[in-house]
Amino acid sequence: MAETSFESRARAAGLRSFPNDTAKLEALVKDLDRAAASLRGPRHYAQEPTTVFRLQPAATSR
């Protein structure tokens, strides 16, 4: 059986699956790509999703 482009890309990325799971894996990747596409796109800087860490000063011991 000829290898599809998805199978060759998955193999190049180091992913391995059983032959009967390939269709499920491809559907999962498509769903994740659609979800990521909803986060991408031009938007005002104030609308961009951000992650903010508030670091506490390190305790100083003398």
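Please refer to the structure higher up on the page.
All values reported here derive from a predicted model rather than from experimental measurement.

Calculation criteria
- Residues numbered from 1 in each chain as written.
- Predicted model: local features only at pLDDT ≥ 70, side-chain atom pairs only at ≥ 80, totals over all residues.
- Heavy atoms only, no water.
- Helix = DSSP H or I, 4+ residues; strand = E, 2+ residues; numbered from the N terminus.
- Buried < 20%, exposed > 50% of the residue type's maximum accessible area, 1.4 Å probe, protein only.
- Areas by Shrake-Rupley, 256 points an atom, 1.4 Å probe, with all protein chains shown as cover.
- Salt bridge = Lys/Arg side-chain N within 4 Å of Asp/Glu carboxyl O.
- Contact = heavy atoms within 4.5 Å.

Asker: It is not clear to me how the overall build of the protein chain should be interpreted in this structure. Could you clarify?
Answerer: In terms of helices and strands, the protein chain carries two helices and zero strands. Buried positions account for 5% of the 62 residues belonging to the protein chain. With the model as given, the accessible surface of the protein chain reaches about 6300 Å², and the carbon-plus-sulfur share is 58%.

Asker: How should the pattern of salt bridges be read in this particular structure?
Answerer: Two side chains of opposite charge can pair, provided their charged atoms sit close to one another. Here the structure, examined in full by the defined rule, presents two salt bridges. In this structure, Lys 30 and Glu 26 form a salt bridge, with 3.9 Å as the shortest nitrogen-oxygen distance. With a gap of four residues between them, Lys 30 and Glu 26 both fall in helix 2 (residues 22-39), about one helical turn apart. Look at Glu 26 and you get partly exposed, because its relative accessible area is 26%. Arg 34 is the salt-bridge partner of Asp 31, the closest N and O atoms lying 3.0 Å from each other. Here Arg 34 and Asp 31 lie together in helix 2, a separation of three residues that amounts to about one turn. With relative accessibility at 55%, the residue Arg 34 sits in the exposed group.

Asker: What's the story with the side chain of Thr 22 in this structure? I'm lost.
Answerer: Summarising the element assignment, Thr 22 is placed in helix 2. We classify Thr 22 as buried; its relative accessible area is 13%.

Asker: Whenever I open this one, the environment of Ser 17 confuses me. Can you help?
Answerer: Among the secondary structure elements, Ser 17 is positioned in the loop between helix 1 (5-12) and helix 2. Residue classification places Ser 17 among the partly exposed residues on the basis of a relative accessible area of 37%. With 10 residues separating them in the primary sequence, Ser 17 and Glu 7 have C-alpha atoms 9.4 Å apart. Excluding residues that lie within four positions of it along the chain, Ser 17 makes contacts with Thr 22 and Leu 25.

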